[in-house]
Amino acid sequence: MTVFRIIAGLSIAVLLLGMAYDIHRRLKTWRAAGNLLHRRIRATREGGRGGKSGRLENVRRIVTIVSSALLFCLAVTGFLPVLLLGSHVSGVLLVIHVTIAPVFGIALSALALLWAHRLRFDEADWRILEGVGRRKSPGKDALVRIALKVGFWSALLLSLPLMLTVILGLFPLYGTDGEALLIRLHGYSALLLMITALGELYLITAYNEHSTEQLMKEQNQ
Amino acid sequence: MKMKRIILIFLFCAFARGETLAQTREDVGDTPDGNRSVPVHLLKLYDEFDHVIRPDDRPLMPFSPKQTCRKCHDYEKIRHGWHFNAADSGARGGRRGEPWILVDPGAATQIPLSYRNWTGTYRPTDLGLSTLDFLKTFGRHLPGGGVGEKDGALKDYMRWQVSGTLEVNCQSCHNADAGQSQAEFGMQVLRQNFRWAAAASSGFATVRGSAGEMPDNYDTYTAVPPEASNLLPPTVSYNTSRMDAAGRVLFNVPRRMPPTQCAFCHSSRVIDPTRPERWEGEEDVHIASGMLCVDCHRNGIDHQMIRGYEGEAELRGQPHVASFTCRGCHLGSSDEPVPLEGRRGAPRPEHLGLPPVHFEKLACTACHSGPWPGGTTYTVKTSRGHALGIPKTDKADDALPQIATPVFAKQADGTFAPHDLLWPAFWGYGRKGYIAPLGPDRIRPLVTLILSRDTTRRIGRWPVLRESEILDVLQQLRERDTTAGDPLYVSGGMMYAIGPAGTLTRLKSDAAEPYGWPIAHDVRPKAQSLGIRGCTDCHATDAPFHFGMVKIASPYVVGSDSLSRMTDYQDVSVVSAWLFSKSFLFRPALKVLIILSFLLIASVVLIQALGGLAHIIRKLASEEE
């Protein structure tokens, strides 16, 4: 538990500090960062009104927002007692956690179905990979785009041990030590998933204006 | 001058030699040489003045365990052991344990007492009980020693001369002879035959008469009988067939005492109306499997018994003591340099599917000990509380005191454990936040009138008190002593006082809180542990663990308050416990949803991975072409 607390605390702190540093480096002022966030929210809202993106696009946006919100709730209920109190999740927090978890599972499945095709790795990504092999720097937009794809698939991949450790723990298959190991694996998977998701959201918010457009163009073609 | 020096040196040597001999003599039985055979205890008997007892002595004195046993054992060290040190000023009380319960239905009183500093108990002196009074009431279930040897009070000086001191009765625990009778010891203590009690219990001596009936000026040693001819002074006679030619008696002192020896003072009987017969009950699974109490509750010559609760090792400053707890023996600890678990073949539990949070929140006993919980708590009778084992004790199921079990309450270390629970009921005066309880002797005359009105009352049971009657007694108490403070009555978890308008007022008070002590036995077999049928053994909206009802047993309980919910003792809100339990109704559906989500996401990832693999294969093939 102590090791996990240290690792989790450090990882989250490093990620948040990294983001803060990046925002400061790129936008110089917090006001500019606020403006960017405001712009992104407005863009999301406009997208939500139907506009260009169409109905499926609205569903995509909604599912992404719902999944992010649910993940946030799960992270709070899951990490708060562990990080702050050093105890396992229990009581009302556990009730909230286990009630939200299956809804998150459904939302994540929907997210996977809705975004899998758009964020699939394709020929262009292969070329970028080949270019990296030849020490050829891909453009910033391409890099962000591929980072978004990697983030998306990493999140899906990490959600598998996250769910599997819960499923196995719910059946009388493992003893005291096995259950403890499953809980530990669940915690580490959740930590990695949360970091990946936070990174993905940051990319979408801070970098993705052009990359999203590019992705949408590709999708429309 | 030279002669004087020689004499001094001689005296010094003589004293030094005497001291060495004395030490060696006392250590002989306490320092093992490694031989595992059991030493034969063929012993001469000594009286309290260290004189060898011969059957033809006149007056014939009872043998003294102190003088007899100290020939080989360090009595001074032993007498500060756990069973004897309650009143020692420096003794650690440790975790709360079963108190002595002073019950007097005639005074509507039921109050937990202890010489240890356990929160919620009162010292006997708080109720005006002298050491002698305490022994006369509770000495029946003491192994002697402790307060039995604290005969310094001037008030009872003459009585102590008649009764003698109640020395540690080593045989209470160590004599496995079939004739050894703790019940007889108890009876002799009740007769104030403290000096004679050990001999009477031994099985080879007969004690007649009662020191309690003798006048204060009775002289035991001249044995002149008192003037009243119907009173029999205490006398002892020995079964000489048990003595050899040298006057020695064989004591059966095995190394590992059978559980029945401990059971006299440590029995409990759960009153389960559905299983009234003894054969329908079970004994502790450890005992059933052939273990003995002393296998876990060990001690050295200092007689500091291992009580076996979590945290005891830290309290005692002896880390290895932790290996004698349930957890230490069955699960072990990674802190130990060598593995210590698995003593006596203790199996390592699998706890299949049990989330680890249970090990943080629950004591092992929560799932494994005490009776299987029902919708409402049971009543339990205990050896010390109900004088079990003493002839003519009240064998009725509803005999007082009324103790509820099992109550799943939160312990000081934050874990839940099953407890026995007692509701204090007593009269007293409150002053500056402190309540001074009144002894039954001071109250009984006031309650007598009430008792006489209740024609349906059964002797030995609670009187049914009415509000007006409590008020009446409280007013009488106020009139008796206007300077003592506010007269109060504590009962059923509430405190009652005379309100400003002269009516009875109900108040909350710590003094009215029930006194609970954790129970560890009887341990049920694995197949009867809570959770064996699944999570809903505890996590159902009607599961006794959170939603069981606790009986509030006291002379005066307002009807609506006669039951309380288990969550009241758990620091848990009933709503959150209910919500948590309710969530288990949907758990199967939640499991299905998570499994479906897992399969769907795994399929999407797999398809993408296969697509990627196909792309790599195509690329490699195209390069080849």
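Residues numbered from 1 in each chain as written. Chains lettered and ligands numbered in written order. Predicted model: local features only at pLDDT ≥ 70, side-chain atom pairs only at ≥ 80, totals over all residues. Heavy atoms only, no water.

1. Description of the overall build of chain A
Here's step 1: Scanning chain A from terminus to terminus reveals 8 helices and 0 strands.
Here's step 2: Listing the helices and strands of chain A from first to last along the sequence gives α-α-α-α-α-α-α-α.
Here's step 3: Counted over contacts in chain A with a minimum sequence separation of 6, partners at least 24 positions apart contribute 76%.
Here's step 4: Total accessible area computed for chain A in this model is approximately 12,300 Å², and 68% of it derives from carbon and sulfur atoms. (Helix = DSSP H or I, 4+ residues; strand = E, 2+ residues; numbered from the N terminus. Contact = heavy atoms within 4.5 Å. Areas by Shrake-Rupley, 256 points an atom, 1.4 Å probe, with all protein chains shown as cover.)

2. What about the overall build of chain B?
Here's step 1: Each helix and strand counted, chain B has 21 helices and 18 strands in total.
Here's step 2: Expressed along its principal axes, the backbone C-alpha trace of chain B runs to roughly 125 × 75 × 60 Å.
Here's step 3: Counting over 625 residues, chain B shows a buried share of 46%.
Here's step 4: Look at the contacts in chain B between residues 6 or more apart in sequence, and 66% of them connect residues 24 or more apart.
Here's step 5: In the structure as shown, chain B presents an accessible area of about 32,000 Å², 57% of it carried by carbon and sulfur atoms.
Here's step 6: Distance between charge centres in chain B, computed from 70 positive and 68 negative side chains, equals 2 Å. (Buried < 20%, exposed > 50% of the residue type's maximum accessible area, 1.4 Å probe, protein only. Lys, Arg positive; Asp, Glu negative; His and termini not counted. Charge placed at Lys NZ, Arg CZ, Asp CG, Glu CD.)

3. Notes on helix α4 (residues 131-138) of chain B
Residues and elements named next belong to chain B.
Here's step 1: Buried within α4 are the following residues: Thr131, Leu132, Phe134, Leu135 and Phe138. Here the buried residues of α4 occupy an arc of 160 degrees about the axis, which is enough to place them on one side.
Here's step 2: Where α4 is buried, its residues touch β2 (100-104), β3 (109-113), α5 (157-163), α7 (182-190) and α8 (194-201). (Arc of directions from axis to C-beta.)

4. Observations regarding the packing of aromatic side chains
Here's step 1: All chains considered together, the criterion is met by 19 aromatic pairs over all chains.
Here's step 2: Consider the rings of Phe63 of chain B and Phe204 of chain B, whose centres lie 5.6 Å apart with planes at 20 degrees: the pair is stacked. With Phe63 of chain B in the loop between β1 (41-44) and α2 (65-69) and Phe204 of chain B in the loop between α8 and β4 (205-208), the pair connects residues that are 141 residues apart, well separated along the chain.
Here's step 3: Residue class for Phe63 of chain B comes out buried when judged on its relative accessible area of 2%.
Here's step 4: Taken together, the ring pairs connect Phe63, Phe204, Tyr238 and Phe251 of chain B into an aromatic cluster.
Here's step 5: Note that Lys591 of chain B overlies the ring of Phe171 of chain A, its terminal NZ or CZ placed 4.8 Å from the centroid. (Phe/Tyr/Trp six-rings, centres within 6.5 Å; stacked < 30°, edge-to-face > 60°. Lys NZ or Arg CZ within 6 Å of the ring centre and 35° of its normal.)

5. Structural notes on the interface of chain B and chain A
Here's step 1: Contact residues are listed per partner, giving 34 residues for chain B and 43 residues for chain A.
Here's step 2: Both sides of the chain B and chain A interface together cover about 3,300 Å² of buried area, and 75% of this is carbon and sulfur.
Here's step 3: Its salt-bridge partner being Asp177 of chain A, residue Arg348 of chain B comes within 3.2 Å of it at the nearest N-O pair.
Here's step 4: At the boundary of chain B with chain A, the tally comes to 8 residue pairs in polar contact (both at pLDDT 80 or more).
Here's step 5: Ranked by the residues each element gives to the side of chain B that touches chain A, the list is headed by helix α21 (residues 587-624) of chain B, at 17 residues.
Here's step 6: Along the lines of polarity and charge, the residues of the side of chain B that touches chain A split into 20 nonpolar, 7 polar and 7 charged. (Buried area = accessible area lost by both parts, 1.4 Å probe. Salt bridge = Lys/Arg side-chain N within 4 Å of Asp/Glu carboxyl O. Polar contact = N/O pair within 3.5 Å; in protein donor to acceptor, adjacent residues only side chain to side chain. Nonpolar A, V, L, I, M, F, W, Y, C, P; charged D, E, K, R; others polar.)

6. Concerning the sheet that holds strand β11 (residues 426-431) of chain B
Residue and element names in this part refer to chain B.
Here's step 1: Strand order across the open sheet formed by 5 strands is β12-β11-β13-β14-β15, with antiparallel pairing between neighbours. Because the sheet does not close on itself, it has two edges, and the strands there are β12 (434-437) and β15 (504-507). Across the sheet, the mean angle from the axis of one strand to that of its neighbour is 35 degrees, orientation sign disregarded.
Here's step 2: Sheet contacts for helix α18 (residues 467-480): β11, β13 (486-491), β14 (494-498) and β15; angle to β14, the most-contacted strand, approximately 60 degrees. (Pairing = 2+ DSSP bridges. Axes fitted to C-alpha atoms, helices over the stretch in contact; angles between N-to-C directions.)

7. Some thoughts on the nonpolar core
Here's step 1: Core analysis: the biggest nonpolar cluster contains 45 residues, and Phe79, Phe104, Trp153, Leu156 and Leu193 of chain A together with Ile601 of chain B have the highest contact counts within it.
Here's step 2: Elements with a contribution of two residues or more to this core: α1 (2-27), α3 (54-85), α4 (91-115), α6 (140-170) and α7 (176-206) of chain A together with α21 of chain B.
Here's step 3: No other element matches α4 of chain A, which puts 11 residues into this core.
Here's step 4: Counting residues in hydrophobic clusters, the runner-up holds 29 residues, among them Trp100, Val189, Val490 and Ala511 of chain B. (Core = buried A, V, L, I, M, F, W, Y, C linked by side-chain atoms within 4.5 Å.)

8. Focus: the pattern of salt bridges
Proximity of charged atoms lets side chains of opposite charge pair with each other.
Residue and element names in this part refer to chain B.
Here's step 1: Enumeration according to the criterion identifies 26 salt bridges over all chains in this entry.
Here's step 2: For the salt bridge of Arg316 with Glu312, the shortest nitrogen-to-oxygen distance reads 3.4 Å. Of this pair, Arg316 and Glu312 both sit in helix α12 (residues 312-316), 4 residues apart, which is roughly one turn of the helix.
Here's step 3: Given the relative accessible area of 18%, Arg316 is considered buried.

9. Structural notes on a nonpolar patch on the surface
Here's step 1: Judged by side-chain polarity, Leu606, Leu610, Leu613, Ile616, Ile617 and Leu620 of chain B come together as a nonpolar surface patch covering roughly 580 Å² of accessible area.
Here's step 2: If you trace the backbone, Ile616 of chain B turns up in helix α21. (Patch = residues over 30% accessible without salt bridge, like charges linked within 9 Å, V, L, I, M, F, W, Y side chains within 5 Å.)

10. Quick word on α3 of chain A
Residues and elements named next belong to chain A.
Here's step 1: Taking 1.5 Å as the rise per residue, α3 with 32 residues should run 46 Å; its terminal C-alpha atoms sit 46 Å apart, in good agreement.
Here's step 2: The largest bend in α3 comes to about 35 degrees, at Phe79, with the proline Pro81 one to four residues further on.
Here's step 3: Immediately downstream of α3, the backbone of Gly86 shows phi near 70 degrees, a positive value. (Expected span 1.5 Å × (residues − 1). Bend = angle between axes of the 7 residues up to and from the residue.)

11. What about the domain arrangement of chain B?
By a frequent convention, interface size equals the accessible area lost on bringing the separate parts together.
Residue and element names in this part refer to chain B.
Here's step 1: In terms of domains, chain B is made up of domain 1 (22-30 + 37-97 + 122-175 + 177-251), domain 2 (259-422 + 517-574), domain 3 (426-513) and domain 4 (586-625).
Here's step 2: Distance between the C-alpha centres of domain 1 and domain 2: 33 Å.
Here's step 3: On the domain 2 side, the residues contacting the 29 residues of domain 1 number 23 residues.
Here's step 4: When the buried area of domain 1 at its contact with domain 2 is split by residue, Trp82, Arg95 and His141 rank highest and sum to 33% of it.
Here's step 5: At the boundary of domain 1 and domain 2, one finds 0 salt bridges.
Here's step 6: Between the two partners, domain 1 and domain 2, sit 12 residue pairs in polar contact (both at pLDDT 80 or more).
Here's step 7: Of all the secondary-structure elements, those providing two or more residues to the side of domain 1 that touches domain 2 are α3 (75-78), α6 (170-174) and α7.
Here's step 8: Residue contributions to the side of domain 1 that touches domain 2 peak at 5 residues, all from α7.
Here's step 9: Of the residues assigned to the side of domain 1 that touches domain 2, the class counts are 7 nonpolar, 16 polar and 6 charged. (Domains from an automatic or database assignment.)

12. Structural notes on the sheet that holds strand β8 (residues 378-382) of chain B
Strand pairing in a sheet takes place through backbone hydrogen bonds and is either antiparallel or parallel in direction.
All names here are of chain B.
Here's step 1: Reading across the sheet, the 5 strands line up as β7-β8-β9-β10-β16 and stay open at both edges, with antiparallel pairing between neighbours. The open sheet has two edge strands, β7 (268-271) and β16 (515-518), and neither has a second partner. Averaged over neighbouring strand pairs, the angle between their axes works out to 45 degrees when direction is ignored.
Here's step 2: Note that strand β10 (residues 416-422) and β16 share 4 bridges and pair antiparallel. Directly across from Leu421, in β16, lies its bridge partner Gly516.

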